Amino acid sequence: MSEKYQNFAEGLLQFLNDSPTAFHAVKNAAALLRENGFEELKETENWSLKNEGRYFVVKSGSAVIAFTVGKGDLAKEGFRIIGAHTDSPALKIKPGACSVTPDGYVKLNVEVYGGAILQTWFDRPLALAGRLVVKENGTLQEKLIQIDKPVFIIPNLCIHFSRDMKEKGSLNKQTEILPLLSMKEEGMEKDDYLPALLQDEVGIKKADLVDYELFLYEYQKGIFTGKKQEFISASRIDDLSMVYAGLDALTKAETGEGCQVFAAFDNEEVGSTTAQGANSGLMLHILNRICKNLGMTDEGYFQAVAGSTSISADLAHAVHPNYSDKHDAESRPVLGGGPVIKYSASQRYATTAMSAAYFAQVCERAGVPCQKFVNRNDIAGGSTIGPALSGLTTIPTVDMGAPILAMHSIREFGAVADMEYTRQVFLAYYEGGRC
Ligand code: CO
């Protein structure tokens, strides 16, 4: 890896490794914001914003919106927004966490969160993280936990029994993906195993445990790879790499004339329609509150929103070396070729000609190359937060992201250079003049 990329890339890898769930990503984001002079605001308390102040709000423990108040007239300058998401596909523990088979295997009962490539979860040591709701002195408290140990595994069926299974792609999600925890132990019932694990590893008593949101993650950490260590192979690159790039840009940007905003929403992988998702009132509430708190009229607020721009930052598909025909013949982003603008006639991406042109101009100003992506007509492709964000706020939005391979695998694959380019273009966006 070239030296100029190293610092940011190492910070990014650390952030990915330290953030096994959206809750942990937000905790780490909040710590990074605090270190850089951002003050936490609570939704339930009075705010008193100051010019050139730096602030952030955490929503539900899994989304965060950070912003800096500018020097100029917000009604004229507007908001400059970057949005990303904190969640990634994973296996989530169901209520009724364990079962014991007649053969004496203790299995974890899980459901699938988001569009995971389930085959990649097999034969890998899996660890556990998330949050618990516990009783503490008669009140309910949330507790973030992480058991960073190889506790679970989903063993593959051996080749000798599966020769007749033509398509391993058609896994039964109810019966074939349940991770193994242990063998049955004397005196233990099926409902004892998860509480016993939590008591041993994080000291929570069964009597105090009320509920949980727990996810499995790959125990093995992310690494740099490739001939020159120019690639990154890690879990949750989608979309924590864009979260990290956005945070880095916001914390390093010079205060602007308008208001610089970075938002990392939860639940993109399951459609964004939650209190902490992009398809909610969250963003508009915050924008409105910033304006009101700075003493602006409704008229000023509407003008500010109308004069704003937004970047929806989620990852893009690089052309795959072994499946190159999956891309449209004329738009073929590659690893290392720079951030990708995503187009869709059916508006599964919010990009318009003008928002794309604006973004391309920012890339040019930053000295960063930029690529374009549109799906083949016979492939439906994905979507992201851009359409929701743009629809709810009415702010023109470009959908973009660094190109990667293996999207939604337990381990995704990208180029270090694209992460660095993205950081640079975000910084240029926050610091640049209006187009
Ligand atoms: Co994504």
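Look up a bit, the structure's there.
For every chain, the first residue of the written sequence is number 1, and numbering continues from 1 onward in sequence order. Thresholds applied to this predicted model are a pLDDT of at least 70 for local features of residues and 80 or more for the giving and counting of side-chain atom pairs; totals over whole chains, interfaces and linings are not thresholded and use all residues. Side-chain figures throughout are based on the complete set of non-hydrogen atoms in the structure, without hydrogens or water.

Trainee: How do you make sense of the coordination of the cobalt ion when you look at a structure like this?
Mentor: The reference angle at a metal is 109.5 degrees if four donors form a tetrahedron and 90 or 180 degrees if six donors form an octahedron. A donor here means an N, O or S atom no more than 2.8 Å from the metal, or no more than 3.2 Å when the metal is Na, K or Ca. Since water is not included, a site may seem to lack partners. Every protein donor of the cobalt ion is accounted for by His-85 (NE2), Asp-238 (OD), Asp-314 (OD) and Asp-314 (OD), and the metal-donor separations fall at 2.0 to 2.5 Å. Square planar and octahedral sites, with four and six donors, are those where opposite donors lie more than 155 degrees apart and all other angles lie between 65 and 115, tetrahedral sites have four donors with every angle between 85 and 135 degrees, and the rest are irregular. One can describe the donor arrangement at the cobalt ion as irregular, given that its four donor atoms subtend angles of 55 to 142° at the metal. In primary-sequence terms, the residues that donate to the cobalt ion follow H-x152-D-x75-D. Of this pair, His-85 sits in strand E4 (residues 79-85) while Asp-238 is found in helix H6 (residues 237-252), placing the two residues 153 residues apart along the sequence. Numbered from the N terminus, helices here are DSSP runs of H or I no shorter than four residues, and strands are runs of E no shorter than two.

Trainee: Honestly, the sheet that holds strand E3 (residues 63-68) in this entry has me stumped. Any pointers?
Mentor: Picture the strands of a sheet paired through backbone hydrogen bonds; they go either parallel or antiparallel. Strand order across the open sheet formed by nine strands is E1-E2-E3-E13-E4-E14-E18-E16-E17, with mixed pairing between neighbours. Two strands bound the open sheet, and with one partner strand each, they are strand E1 (39-41) and strand E17 (371-374). Across the sheet, the axes of successive neighbouring strands diverge by a mean angle of 25°, strand direction being ignored. Think of it this way: DSSP has to see at least two bridges between two strands before they count as a pair. Sheet topology places strand E16 (residues 340-343) next to strand E18 (residues 397-401); two bridges connect them, and they run antiparallel. Bridging across to E18, Val-340 finds its partner in Gly-401. Convention adopted: a line fitted to C-alpha atoms gives each axis, helices being fitted over their contacting stretch, and angles between N-to-C directions are expressed from 0 to 180 degrees.

Trainee: Would you mind showing me how to read the environment of Ile-379 here?
Mentor: Take Ile-379: it is sitting in the loop between E17 and helix H10 (386-393). A C-alpha to C-alpha distance of 30 Å links Ile-379 and Phe-426, two positions 47 residues apart in sequence.

Trainee: Can you help me understand the packing of helix H7 (residues 282-293) against helix H8 (residues 298-306) in this one?
Mentor: Any two packed helices are characterised by the angle at which their axes cross and by the distance between the axes. Contact pair H7 / H8: the axes reach a minimum separation of 9 Å and the direction vectors enclose 130°. One way to sum up the angle between H7 and H8 is to call them oblique. Once H7 is placed against H8, the crossing between them reads as right-handed. Across the interface between the two elements, Leu-284, Leu-287, Asn-288, Cys-291 and Lys-292 from H7 touch Asp-298, Tyr-301 and Ala-304 from H8. Ten residue types, Ala, Val, Leu, Ile, Met, Phe, Trp, Tyr, Cys and Pro, are classed as nonpolar, four, Asp, Glu, Lys and Arg, as charged, and the remainder, Gly among them, as polar. Across the contact of H7 with H8, the residue classes break down as five nonpolar, one polar and two charged. Orientation categories follow fixed angle ranges, with anything under 35 degrees roughly parallel, anything over 145 roughly antiparallel, 65 to 115 roughly perpendicular, and all other angles oblique. Should the near helix be turned counterclockwise from the far one by less than a right angle, the crossing is left-handed, whereas a clockwise turn marks it as right-handed. Should any heavy atoms of two residues lie within 4.5 Å, those residues are counted as being in contact.

Trainee: Mind showing me how you'd approach helix H9 (residues 353-366) here?
Mentor: For an α-helix the count is 3.6 residues per turn, leaving residues at separations of three or four pointing the same way. Look at H9: 20 Å from first C-alpha to last across 14 residues, which is about the 20 Å you get at 1.5 Å a residue. For H9, every residue scored as buried is listed here: Ser-355, Ala-356, Tyr-358, Phe-359, Val-362 and Cys-363. Take H9 and look down its axis: the buried residues cluster within an arc of 160°, on one side only. Exposed side of H9, more than 90 degrees from the buried face: Ala-353, Met-354 and Glu-364 are the residues found there. Looking at the buried side of H9, the elements it contacts are E4, strand E14 (309-313), E16, E18 and helix H11 (416-431). How far a helix is expected to stretch is found by multiplying one less than its residue total by 1.5 Å. Relative accessibility thresholds used throughout: buried, under 20% of the residue-type maximum; exposed, over 50%; partly exposed, between the two (1.4 Å probe, protein chains only). By arc we mean the arc of the directions from the helix axis to the C-beta atoms, nothing more.

Trainee: Explanation requested: helix H5 (residues 193-202) in the structure shown.
Mentor: By the burial criterion, the buried members of H5 are Tyr-193, Leu-194, Pro-195, Leu-197 and Leu-198. Among the structural elements, strand E5 (90-100), strand E6 (105-113), strand E7 (126-136), strand E8 (139-152), strand E9 (180-183) and strand E10 (209-218) are those in contact with the buried residues of H5.

Trainee: What is the right way to read the pattern of salt bridges from this model?
Mentor: Between side chains of opposite charge, a pair can form when the charged atoms approach closely. One side-chain nitrogen of Lys or Arg within 4 Å of one carboxyl oxygen of Asp or Glu is enough to make a salt bridge. Summed over all chains, the structure comprises 17 salt bridges. Taking the shortest distance from any N to any O, the salt bridge between Lys-143 and Glu-136 comes out at 2.9 Å. When its relative accessible area of 32% is taken as the criterion, Glu-136 is described as partly exposed. Taking the shortest distance from any N to any O, the salt bridge between Arg-423 and Glu-420 comes out at 3.0 Å. Of the two residues, Arg-423 and Glu-420 are both situated in helix H11; the distance of three residues between them amounts to about one turn of the helix.

Trainee: What am I meant to see in the packing of aromatic side chains here?
Mentor: Here a ring pair, both rings aromatic, is described through the centre-centre distance and the interplanar angle of the planes. Only Phe, Tyr and Trp rings are paired, with Trp represented by its six-membered ring, and only when their centres lie within 6.5 Å; those with planes under 30 degrees apart are stacked, over 60 edge-to-face, the remainder tilted. Tallying each qualifying case throughout the model produces ten aromatic pairs. Judged by centre distance (5.2 Å) and plane angle (35°), the ring pair of Phe-15 and Tyr-244 falls under tilted. Of the two residues, Phe-15 sits in helix H1 (residues 3-17) while Tyr-244 sits in helix H6, which places them 229 residues apart along the sequence. The same class applies to Phe-15 as to Tyr-244, namely buried. Ring centres 5.8 Å apart and planes at 85° place the aromatic pair Tyr-113 and Phe-215 in the edge-to-face group. Pair noted here: Tyr-113 is in strand E6 and Phe-215 is in strand E10, with a separation of 102 residues, a long-range link. The buried category is assigned to Tyr-113, whose relative accessible area is 11%.

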